[in-house]
Amino acid sequence: MSKPLWPKGFKLNIHAPGTGIALILLAFTQVPVAIKTAAEVACIAEVSNQVWRTTKSHRGVNIRAVRFCNGTI
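Residues numbered from 1 in each chain as written. Predicted model: local features only at pLDDT ≥ 70, side-chain atom pairs only at ≥ 80, totals over all residues. Heavy atoms only, no water.

Asks: What should I look at first to understand the environment of Asn70 in this one?
Replies: Relative to the assigned elements, Asn70 resides in helix H2 (residues 61-70). Spatially, the C-alpha atoms of Asn70 and Cys43 are 9.5 Å apart, while their sequence positions differ by 27 residues. (Helix = DSSP H or I, 4+ residues; strand = E, 2+ residues; numbered from the N terminus.)

Asks: Would you mind going over the pattern of salt bridges with me for this structure?
Replies: Where charged atoms from two side chains of opposite charge approach closely, those side chains can pair. Under the counting rule described, the total for this entry stands at one salt bridge. Across the pair Lys36 and Glu40 runs a salt bridge, and its minimum N-O distance is 2.7 Å. Here Glu40 and Lys36 lie together in helix H1 (residues 17-55), a separation of four residues that amounts to about one turn. Look at Glu40 and you get partly exposed, because its relative accessible area is 29%. (Salt bridge = Lys/Arg side-chain N within 4 Å of Asp/Glu carboxyl O. Buried < 20%, exposed > 50% of the residue type's maximum accessible area, 1.4 Å probe, protein only.)

Asks: Mind showing me how you'd approach the packing of H1 against H2 here?
Replies: Between two packed helices, the angle of one axis relative to the other and the distance separating the axes together describe the packing. At a closest axis distance of 8 Å, the pairing of H1 and H2 adopts a crossing angle of 130 degrees. It follows from the interaxial angle that H1 and H2 lie oblique. Where H1 crosses over H2, the handedness of that crossing is right-handed. Residues Glu40, Cys43, Ile44, Val47, Ser48, Val51, Trp52 and Thr55 of H1 lie in contact with H2, whose contacting residues are Val61, Asn62, Arg64, Ala65, Val66, Phe68, Cys69 and Asn70. When the residues that make up the contact of H1 with H2 are grouped by side-chain class, the tally is 10 nonpolar, four polar and two charged. (Axes fitted to C-alpha atoms, helices over the stretch in contact; angles between N-to-C directions. Parallel < 35°, antiparallel > 145°, perpendicular 65-115°, else oblique. Left-handed = near helix turned anticlockwise from the far one by under 90°. Contact = heavy atoms within 4.5 Å. Nonpolar A, V, L, I, M, F, W, Y, C, P; charged D, E, K, R; others polar.)

Asks: I tried to follow the state of the cysteines on my own but got confused; where do I start?
Replies: What we call a disulfide is simply a covalent bond connecting the sulfur atoms of a pair of cysteines. Counted according to the given criterion, the structure contains one disulfide. Disulfide pairing is shown between Cys43 and Cys69; the S-S distance is 2.0 Å. With the S-S dihedral at roughly -90 degrees, the linkage between Cys43 and Cys69 falls on the left-handed side. Here Cys43 is found in helix H1, whereas its partner Cys69 is found in helix H2, with 26 residues between them in sequence. Accessibility expressed as a relative area gives 26% for Cys43, which makes it partly exposed. (Disulfide = S-S within 2.5 Å.)

Asks: Looking at this model, I keep getting lost on the packing of aromatic side chains. Mind explaining?
Replies: On inspection of all chains with the given rule, the structure shows zero aromatic pairs. Here the basic side chain of Lys56 rests over the ring of Trp52, its NZ or CZ set 5.0 Å away from the ring centre. (Phe/Tyr/Trp six-rings, centres within 6.5 Å; stacked < 30°, edge-to-face > 60°. Lys NZ or Arg CZ within 6 Å of the ring centre and 35° of its normal.)

Next comes the structure, spelled out in structure tokens:
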């Protein structure tokens, strides 16, 4: 007989007191990063579209957009 994946003494309980605190902590640490990343993606999309309209070429458009949105140009 094979061993069970989770031992009987180790059961996950989503209603445990620490679960809510862990989820709140996770939200506080991950939501700001997600907002920043979404803003970067939107900036890259808009800048690459503008550069493509002026050059009518796909070559190097995204590289320029990433550099512009990261503040190096």
